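Read off the chains here:
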Amino acid sequence: NAGVMQNPRHLVRRRGQEARLRCSPMKGHSHVYWYRQLPEEGLKFMVYLQKENIIDESGMPKERFSAEFPKEGPSILRIQQVVRGDSAAYFCASSPDSTYNEQFFGPGTRLTVL
Amino acid sequence: RKEVEQDPGPFNVPEGATVAFNCTYSNSASQSFFWYRQDCRKEPKLLMSVYSSGNEDGRFTAQLNRASQYISLLIRDSKLSDSATYLCVVMKDGYKLSFGAGTTVTVRA
């Protein structure tokens, strides 16, 4: 059973460009969570999605960031007009349902903004 | 104030030693508690859940003190492979994980 998959693993963007990060949850998991880890800091919750629904986006910056989890295909975290402060590791996690305590993490996407 | 605070370490111990460290959390509404392990530049992996009664998993013992909002982890007979960053994690709202910045442990031969 493949784990959570994220791509790309490394992404380099220039200021002002768009970044698209993809996450495929574990087979059978319909709940996806995105976290951001800034250098020397703990992971911070960004957004919780189920298929076609955003359940909680309280951790998302109000501008430039959006997330979706369509009926078919991976979850996408989109960052428009990236700035240097967006440089971080972005981790996606999944769980089979909301009652399941453990979240399984993907390998992360390391975004570097030049 | 950070939601979860940990001593960053590093804790540098010889093989076979016992090492213990802890964290504190600020939100009394936190529902579930965990220790995760993160190896350098990799994803966090669940080490163990933490229960009020205290629990053991092999060489690892975790304790939770809800009154003091304090969680601890003790590693006995440490191995070289225990070298990692240990993340204290609390959950609220049933799904929202809050992570500490991590405690670095290095086990030397």
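Now for a description of the structure that goes with this document. Computed from a predicted structure; not experimentally measured. (Residues numbered from 1 in each chain as written. Chains lettered and ligands numbered in written order. Predicted model: local features only at pLDDT ≥ 70, side-chain atom pairs only at ≥ 80, totals over all residues. Heavy atoms only, no water.)

## Overview of the pattern of salt bridges
Pairing between side chains of opposite charge can happen when the charged atoms of each approach one another. Here is the rule: One speaks of a salt bridge when a side-chain nitrogen belonging to Lys or Arg is within 4 Å of a carboxyl oxygen belonging to Asp or Glu. Runs of H or I in DSSP of at least four residues are treated as helices and runs of E of at least two as strands, each being numbered from the N terminus. Throughout, exposure labels follow a simple rule: accessible area from a 1.4 Å probe, protein chains only, divided by the maximum for the residue type, with under 20% read as buried, over 50% as exposed, and the rest as partly exposed.
Under the definition given, this model contains 11 salt bridges over all chains. Residues Asp56 of chain A and Lys96 of chain B are paired through a salt bridge, measuring 3.0 Å at the closest nitrogen-oxygen approach. Of this pair, Asp56 of chain A sits in strand β6 (residues 53-56) while Lys96 of chain B sits in strand β10 (residues 96-99), placing the two residues on different chains. Accessibility expressed as a relative area gives 9% for Asp56 of chain A, which makes it buried.

## Here we look at the environment of Gln38 of chain B
Applicable threshold: The contact criterion used is simple: two residues touch if any of their non-hydrogen atoms lie within 4.5 Å. Two N or O atoms form a polar contact when they lie within 3.5 Å of each other; inside protein one atom must be a possible hydrogen donor and the other a possible acceptor, and for residues adjacent in sequence the pair counts only when both atoms belong to side chains.
With respect to the helices, strands and loops of the structure, Gln38 of chain B is situated in strand β4 (residues 32-38). Separated by 48 residues in the primary sequence, Gln38 of chain B and Tyr86 of chain B have C-alpha atoms spaced 6.2 Å apart. Among residues more than four places away in sequence, those in contact with Gln38 of chain B are Gln37, Leu43 and Phe91 of chain A together with Glu43, Pro44, Ala84, Thr85 and Leu87 of chain B. Only 2.8 Å separates the side chain of Gln38 of chain B from the backbone oxygen of Lys42 of chain B, close enough to count as a polar contact.

## Observations regarding the sheet that holds strand β7 (residues 65-68) of chain A
All names here are of chain A. How we decide: Two strands make a pair as long as DSSP finds a minimum of two bridges between them. Here the axes come from fitting lines to C-alpha atoms, over the contacting stretch only for helices, and the angles between their N-to-C directions go from 0 to 180 degrees.
Reading across the sheet, the four strands line up as β1-β3-β8-β7 and stay open at both edges, with antiparallel pairing between neighbours. Strands with a single pairing partner mark the edges of an open sheet, and in this sheet they are β1 (5-7) and β7. The sheet shows a mean angle of 15 degrees between the axes of neighbouring strands, direction not considered. Strand direction decides the pairing type here: β1 and strand β3 (residues 19-24), joined by three bridges, are antiparallel. Bridging across to β3, Gln6 finds its partner in Cys23.

## What about the interface of chain B and chain A?
Stated formally: Summed over both partners, the accessible surface that disappears when two parts come together, traced with a 1.4 Å probe, is what is meant by buried area.
Residue-level contacts link 18 residues of chain B with 20 residues of chain A. Summed over both partners, the interface of chain B with chain A buries about 1,600 Å², with 54% contributed by carbon and sulfur atoms. Area buried by chain B at its contact with chain A is led by Arg41, Tyr95 and Phe99 of chain B, which between them contribute 33% of it. Scanning the region where chain B abuts chain A turns up one salt bridge. The tally of links between chain B and chain A comes to eight residue pairs in polar contact (both at pLDDT 80 or more). Counting only elements with at least two residues in the side of chain B that touches chain A, the list comes to β4, β9 (84-92) and β10 of chain B. Broken down by element, the residue count for the side of chain B that touches chain A peaks at four residues, all from β4 of chain B.

The analysis is restricted to geometry; functional conclusions fall outside its scope.
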